[in-house]
Amino acid sequence: MEDTILHQKNIINGEFKFKENDPNKSVVSVVIKPNNGVKLWQILQIAAKNGFVLEGIESRSSLIENGELEFLIGFKPSDGVRKETIANAIGNDVAKVSIKGNVDVFAEKGIDWFPRSVYDLDKCRDVVAEVDPELGFQHPGFGDRSYRARRTEIIKHAMEFSAGDPLPHAVYSQAEIDTWTYVFKKVKGYIGKYACKEYIEQFRALEDCGLLREDNIPQIRDVSAYLEKKTGFSLRPVGGLVTPRDFLNSLAFKVFQCTQYIRHPAQPEHSPEPDCIHEMLGHVPMFADPDVAQFSQEIGMASIGASDEDVDKLGTLYWFTIEFGLCKQGNELKAYGAALLSSAGEIEHALSDVPEHLPFVPEETAVQPYQYYTYQPAYYYTGDIAEATQILRSYLSKIKKPVDMRYNSKTNTVEII
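Residues numbered from 1 in each chain as written. Predicted model: local features only at pLDDT ≥ 70, side-chain atom pairs only at ≥ 80, totals over all residues. Heavy atoms only, no water.

1. Some details on the side chain of Thr 259
One can find Thr 259 in the loop between β6 (255-258) and α8 (276-287). Within the structure, the side chain of Thr 259 is placed 3.3 Å from the backbone oxygen of Asp 275, a separation counted as a polar contact. Within polar-contact distance, the side chain of Thr 259 engages the backbone nitrogen of Cys 276 at 3.4 Å. Leaving out residues up to four positions away in the same chain, Thr 259 has contacts with Val 238, Gly 240, Pro 274, Asp 275, Cys 276 and Glu 279. (Helix = DSSP H or I, 4+ residues; strand = E, 2+ residues; numbered from the N terminus. Polar contact = N/O pair within 3.5 Å; in protein donor to acceptor, adjacent residues only side chain to side chain. Contact = heavy atoms within 4.5 Å.)

What follows is the structure, encoded as structure tokens:
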């Protein structure tokens, strides 16, 4: 400790400014409250045991409760020590951790950890095991060892990815390209009949610039650059279907968690989990629409700091709108949901007379069960996409949180007001 230099830092809007852009920096923030059992010495002791060197401490009045203090503590990992180590050690004990850049503020009660910057999304990638081919016996790839090995090979890059890294390049086999080509031709053949006008417009724009072609699977690096110019959204790789909280939290930062593996060739017209075909042919055209992109970010903001119950409801609402939503254009129902638009089998089912078509009422829709492995028994519609966003905005405005938050578009961070 005698060699440690404590630096004065300028704290603005909750940001820890000391060497903020240092890629090796880990930042820990703790709200110290009287008699809450959290001691500063405990944080320092745990950090020291895990190979982290103290570089700076600052105390200030809490942003959450008057009369309380919070300590902002800067650590640098020793050579050979992974920055995630301190997240695991301290996060499981007496505090929470934010890696790279912004500081997270926590209270003893009333608010749990949530991402404050895109760097925090490195901890928002928990995968739902139910649709993983390693565990989900209904998955078409469950008994196919070579498919599972190939899928694991691709998602390895996603699991190693950290915010700020170059987006990984996937080299696809001819068999994978053949599956893409089959679905692409199907989608292009039915969008004029089944898709909403917003999707058709953006799909054609992606074709015109060469990103969507039947003989080539787009790379997320190229698509992310395209979306950033169009709507400010970007992509980051992910290893599968992530939990509703992690997925929705990412949208708050205009980040879409995107898979790179391809669905099993035995079932090209329907996949129980997101795959690159679903992302590129379903979501990307809609994220290129400014109104849909803006609304997706609003849903993401609504999930930040929300209760588990509210997040579950938001996940279900997202499922029945952005994934499986229908809208009326003219006198016909059209699909705007990404899961429908990328599934030749389900889109025909959804717009047939077989399932129920119900008006979208968030309070009712939010508690409906949904299916991964089979087609949905019911789909929800609104007059148009603008009506869906208006209805959902009204619902989002009623969600109660322990603190008020806002998205800072200049710094791409979430701030506590």
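2. Some points on unusual backbone geometry
The residue Lys 254 is not glycine, and still its phi comes out positive at about 60°. Phi angles above zero are rare outside glycine, and Asn 412 is one such case at about 55°. Mapped onto the elements, Asn 412 comes out in the loop between β11 (405-408) and β12 (413-416).

3. Quick word on the pattern of salt bridges
Overall, the coordinates contain 15 salt bridges when judged by the stated rule. Taking the shortest distance from any N to any O, the salt bridge between Arg 236 and Asp 122 comes out at 3.1 Å. Here Arg 236, found in strand β5 (residues 234-237), pairs with Asp 122, found in the loop between β4 (96-99) and α3 (145-160); they are 114 residues apart in sequence, far enough to count as distant. Connected through salt bridges with shared partners, the residues Arg 150, Glu 153 and Glu 176 form a single ionic network. (Salt bridge = Lys/Arg side-chain N within 4 Å of Asp/Glu carboxyl O.)

4. Some words on the sheet that holds strand β7 (residues 326-329)
As summarised here, the arrangement of the four strands in space is β8-β7-β10-β9, forming an open sheet in which the pairing is mixed. The sheet terminates laterally at β8 (332-335) and β9 (356-359), the two strands that pair on one side only. Neighbouring strand axes in the sheet, compared pairwise and without regard to direction, differ in orientation by 40° on average. (Pairing = 2+ DSSP bridges. Axes fitted to C-alpha atoms, helices over the stretch in contact; angles between N-to-C directions.)

5. Comments concerning the state of the cysteines
Summed over all chains, the structure comprises zero disulfides. For Cys 196, which is in no disulfide, the shortest distance to another cysteine sulfur is to Cys 327 and amounts to 5.2 Å. (Disulfide = S-S within 2.5 Å.)

6. Some details on the side chain of Thr 231
As for its placement among the helices and strands, Thr 231 is situated in the loop between α6 (220-230) and β5. Within the structure, Thr 231 has its side chain in polar contact with the backbone oxygen of Phe 287 (distance 2.9 Å). Residues within four places of Thr 231 in sequence aside, it is in contact with Lys 254, Phe 287, Ala 288, Asp 289, Pro 290 and Ala 293.

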